[in-house]
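# Architecture and fold: a report
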Amino acid sequence: MILYITVAVVTALLASLVNNRPTRQSHTLTRQQLYNRVSLTAIFLILFLLSACRLNVGNDYAKYVEFMHLVNCDAYVPTEIGFNLLVKLIYGLSGYENFLLVFAFYSFVTVLFFLLAMYEQSDEFGLTFFLFMTLGYYFQTFSTVRYYLALALALYSMKFVLRRQWGRFVVLVALGATFHKSLLVVIPLYFLASLSWKKWQLAMAAAFCTTFLFLQDFYLKLVVFLYPTYEDTEYLEGGTSYISILRCVAVLAFAGIVYLMRCRENSDRNYMNAQKVGKRFEKNTKTDGNGTGIIGEKRDTNIEEEKTWNRRFWFYTYLNSGALVLYVFCSFLPIISRIGYYLMVSQILFLPMLLKAVPDKKWRRLFRVGILLAAVLYFAMYLKKGANDGVLILPYKTFFFHEMVDILSDVT
């Protein structure tokens, strides 16, 4: 546990040095850009090496080693073609069942895409990374490695959705689905979250959600059709997460508060700007002859920035609303948390965006303290159950000092 806390603290401090919106100068490396490169490289190496050097750490580590052995023996495994081909390739190049290298590959790609997504999309990289660590996303990559690679790709793909680059989005998701096919659900879910919903459409969507209460058998049959390996297993038992519900409610409540504060601030600002425009309009008309001038350019820029902010705000809001609906109404579905996490992972981008939009500095500091304290509390609760079944990230073991336990094929 001390190791994990140390890693979280050190990497969070390094992340605080990163400015993911640095001022660029042509042909010159600024001090901030140097800080960014050194800090990001150090963060990546720490997270990658901690994950790659582990041995039998994670809820299903031994299960994955068994899957890899069966793939190498050309036996049937319920894993996707990307995973199987990767195992075949690495085992073939190594000349033996080098499962450590397979896990290292997953660690490399997963950490890389998470960092890229946070650096390119966050309004404040330091806070986003802090949430990434304290909300357990990084440490959960030790388990269900295929899924968390898919989750990293899902987070990275959000930028293509917001930019309306649907071709790149679909290609990236399709590629990730070869490692975990559940990733395909983000195609319809992210598309729906990107739409500008009207009130009557939201009412229809709410009415549709009630079908989850009356047509549970139908939806379970649909899940079994998509995941035939779930049939007659414990995976069909369902379940929900009250912590996830609480997180979604808290984030949506904060979003509502910030939206109202921002609307009020914009209303006051627009009134003051209208008075300034009236006084300067004649001067700008003489300057460029068409009545636009500098004020017209600023107005266009502000409108575009407001559109971009609103697009991101409603996208993240709909994602978290969808996650809340899933956890409340769809608890009967197997492993609903996997679908919910594809939506909830947006919180590490959404919260810094909301915090930045708070117009009053005192309120911003108060909200920041609340977010940090809640995240630390969540991290403490997560580490407390780190040795429990379903998590098993404690104690930390490395192949430098420990041997791999026998897998099922070794004892049968």
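This text follows the structure it describes.
Residues numbered from 1 in each chain as written. Predicted model: local features only at pLDDT ≥ 70, side-chain atom pairs only at ≥ 80, totals over all residues. Heavy atoms only, no water.

### Structural notes on the overall build of the protein
Selection rule: In DSSP terms, a helix is any run of H or I states spanning at least four residues, a strand is any run of E spanning at least two, and both are numbered starting from the N terminus. Contacts between residues were defined by any pair of non-hydrogen atoms, one from each residue, lying within 4.5 Å. Exposure was quantified through the Shrake-Rupley algorithm and a 1.4 Å probe, taking into account, for residues, occlusion by the shown protein chains and nothing else.
For the protein, the helix and strand inventory stands at 19 helices and zero strands. Restricting to contacts in the protein with at least 6 residues of sequence separation, those with at least 24 account for 75%. Carbon and sulfur atoms form 64% of the exposed surface of the protein, whose accessible area is close to 22200 Å².

### What about the packing of helix α5 (residues 99-121) against helix α6 (residues 125-134)?
Stated formally: Between N-to-C directions, angles span 0 to 180 degrees; the directions come from axes that are lines fitted to C-alpha atoms, helices contributing only their stretch in contact. Crossing chirality is assigned from the near helix's rotation relative to the far helix, an anticlockwise turn below a right angle marking it left-handed and a clockwise turn marking it right-handed.
Relative to each other, α5 and α6 sit at 145 degrees, their axes nearing to 9 Å. Here α5 and α6 pass one another in a crossing that is right-handed. On the side of α5, the interface is formed by F114, L115, M118 and Y119, while α6 contributes F125, T128, F129 and F132.

### Details of the packing of aromatic side chains
This is how the line gets drawn: Only Phe, Tyr and Trp rings are paired, with Trp represented by its six-membered ring, and only when their centres lie within 6.5 Å; those with planes under 30 degrees apart are stacked, over 60 edge-to-face, the remainder tilted. Buried, partly exposed and exposed residues are distinguished by accessible area as a fraction of the type maximum, computed with a 1.4 Å probe on protein chains only: under 20%, between the cut-offs, and over 50%, respectively.
Evaluated as defined, the whole model comprises 46 aromatic pairs. Plain terms: the ring middles of Y4 and F139 are 4.9 Å apart, the flat faces sit at 50 degrees to each other, and that makes the pair tilted. Remark: F139 occurs in helix α7 (residues 137-140) and Y4 occurs in helix α1 (residues 2-16); sequence separation between them is 135 residues. Exposure class is identical for Y4 and F139. Each is buried.

### Examining the packing of helix α8 (residues 145-162) against helix α16 (residues 336-344)
Cut-off, in case you're wondering: When describing relative orientation, an angle under 35 degrees is termed roughly parallel and one over 145 degrees roughly antiparallel, while 65 to 115 degrees is termed roughly perpendicular and anything else oblique. Residue polarity is assigned by list, with Asp, Glu, Lys and Arg as charged and Ala, Val, Leu, Ile, Met, Phe, Trp, Tyr, Cys and Pro as nonpolar; anything else, Gly included, falls into the polar class.
At a minimum axis distance of 9 Å, the contact between α8 and α16 shows a crossing angle of 30 degrees. By the criterion of interaxial angle, the relationship of α8 to α16 is roughly parallel. Here α8 and α16 pass one another in a crossing that is right-handed. Every residue of α16 that contacts α8 at Y147, Y148, A150, L151, A154 and M158 is listed here: S337, R338, Y341 and Y342. Taken together, the residues of the contact of α8 with α16 sort by class into eight nonpolar, one polar and one charged.

### With respect to empty space enclosed by the protein
For the record, the criterion: Any residue with an atom within 4 Å of a point lines the site, the site being either a cavity, points on a 1 Å grid over the protein atoms alone where a 1.4 Å probe fits but cannot get out, or a pocket, an open set with protein on both sides within 12 Å along at least 5 of 7 lines. Grid points are joined across faces, edges and corners, and a volume is the space filled by probe spheres set on the points.
This model, assessed by the stated rule, comprises two cavities of 30 Å³ or more. Quantified by volume, the largest cavity comes out at close to 60 Å³. If you trace the largest cavity, you find it lined by S51, R54, F103, Y106, S107, T110, V111, Y138, T141, V145, Y148 and L149. Only α5 and α8 provide two or more residues apiece to the lining of the largest cavity. Here the lining of the largest cavity takes five residues from α5, the largest share from any one element. A per-class count over the lining of the largest cavity returns seven nonpolar, four polar and one charged.

### Describing the side chain of R247
Spelled out, the test is: Residues counted as positive are Lys and Arg, residues counted as negative are Asp and Glu, and His and the chain ends are not counted. Each salt bridge in this description consists of a side-chain nitrogen of Lys or Arg and a carboxyl oxygen of Asp or Glu lying within 4 Å of one another. Polar contacts, as used here, are pairs of N or O atoms within 3.5 Å; protein pairs need one atom able to donate a hydrogen and one able to accept it. Residues neighboring in sequence count only if both atoms are side-chain atoms.
Topologically, R247 is positioned in helix α14 (residues 242-288). Within the buried core, R247 has no salt-bridge partner, and the shortest N-O distance to an opposite charge, that of D123, equals 17 Å. Separated by 3.4 Å, the side chains of R247 and Y378 make a polar contact. Ignoring anything within four residues of it in the chain, the contact list for R247 reads L135, Y137, Y341, M344, Q347 and Y378.

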